[in-house]
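So the chains spell out like this:
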Amino acid sequence: MNEIERLRLQISKVDKDIIELIAKRQDLAKKIGEYKKKNNMQVYDHAREVLLREFHDSVSNEHKISATMIARIFEILIEESRKVQSDE
Ligand SMILES: O=C(O)C(=O)C[C@]1(C(=O)O)C=C[C@@H](O)C=C1
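The name an unreviewed UniProt entry gives the protein chain is chorismate mutase, with Aquella oligotrophica as the organism.

Draft legend 1. Examining the UniProt feature "domain: Chorismate mutase" (unreviewed entry) in the protein chain more closely. UniProt tags residues 1-88 as "domain: Chorismate mutase" (unreviewed entry). Secondary structure content for residues 1-88 is 83% helix and 0% strand, and the end C-alpha separation is 48 Å.

Draft legend 2. Structural context of the pattern of salt bridges. For the structure shown, the criterion picks out five salt bridges. We note a salt bridge from glutamate 49 to arginine 82, for which the minimum N-O separation is 3.0 Å. Of the two residues, glutamate 49 is situated in helix α2 (residues 46-62) and arginine 82 in helix α3 (residues 67-86); the sequence distance between them amounts to 33 residues. For arginine 82, a relative accessible area of 27% gives the class partly exposed. Among the ionic pairs, aspartate 57 bridges to arginine 53, the shortest N-O distance being 3.3 Å. On the criterion of helical spacing, the pair formed by aspartate 57 and arginine 53 is a turn pair, its members being four residues apart in helix α2. With a relative accessible area of 42%, arginine 53 lands in the partly exposed category.

Draft legend 3. Structural detail: empty space enclosed by the protein. This model, assessed by the stated rule, comprises one cavity of 30 Å³ or more. Here the largest cavity defines a volume of roughly 40 Å³. Elements with a minimum of two residues in the lining of the largest cavity: α1 (3-38) and α3. Looking at the lining of the largest cavity residue by residue, the classes come out as two nonpolar, two polar and two charged.

Cut-offs and rules
- Residues numbered from 1 in each chain as written.
- Predicted model: local features only at pLDDT ≥ 70, side-chain atom pairs only at ≥ 80, totals over all residues.
- Heavy atoms only, no water.
- UniProt positions renumbered as here; feature names shortened; annotations may be inferred.
- Helix = DSSP H or I, 4+ residues; strand = E, 2+ residues; numbered from the N terminus.
- Salt bridge = Lys/Arg side-chain N within 4 Å of Asp/Glu carboxyl O.
- Buried < 20%, exposed > 50% of the residue type's maximum accessible area, 1.4 Å probe, protein only.
- 1 Å grid on protein atoms, 1.4 Å probe; cavity = no way out; pocket = protein on both sides within 12 Å on 5 of 7 lines; lining within 4 Å.
- Points joined across faces, edges and corners; volume = space filled by probe spheres on them.
- Nonpolar A, V, L, I, M, F, W, Y, C, P; charged D, E, K, R; others polar.

In structure tokens form, the structure reads like this:
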């Protein structure tokens, strides 16, 4: 295997980890959705989303990667959580 093949194999493994972690996140969001339903809580929680944004910015900065890029990714993930919770 040459260098680019080795690197591409590593990228595929990382992508698999990312997908598995996204599935785990969605599962947790579903459980939160059930809790919210039982306790008559709204799906959208602005304060929590503000806190998450600060947390994601801080972790992005620690790793010296674009906080804007990470914010865009989490926008999609959190939108999906809200969708999953509203579908229940
Ligand atoms: O923490 C919650 O209350 C969630 O429902 C999870 C989550 C998220 O995906 O992180 C989703 C929707 C809320 O507006 C805030 C956060």
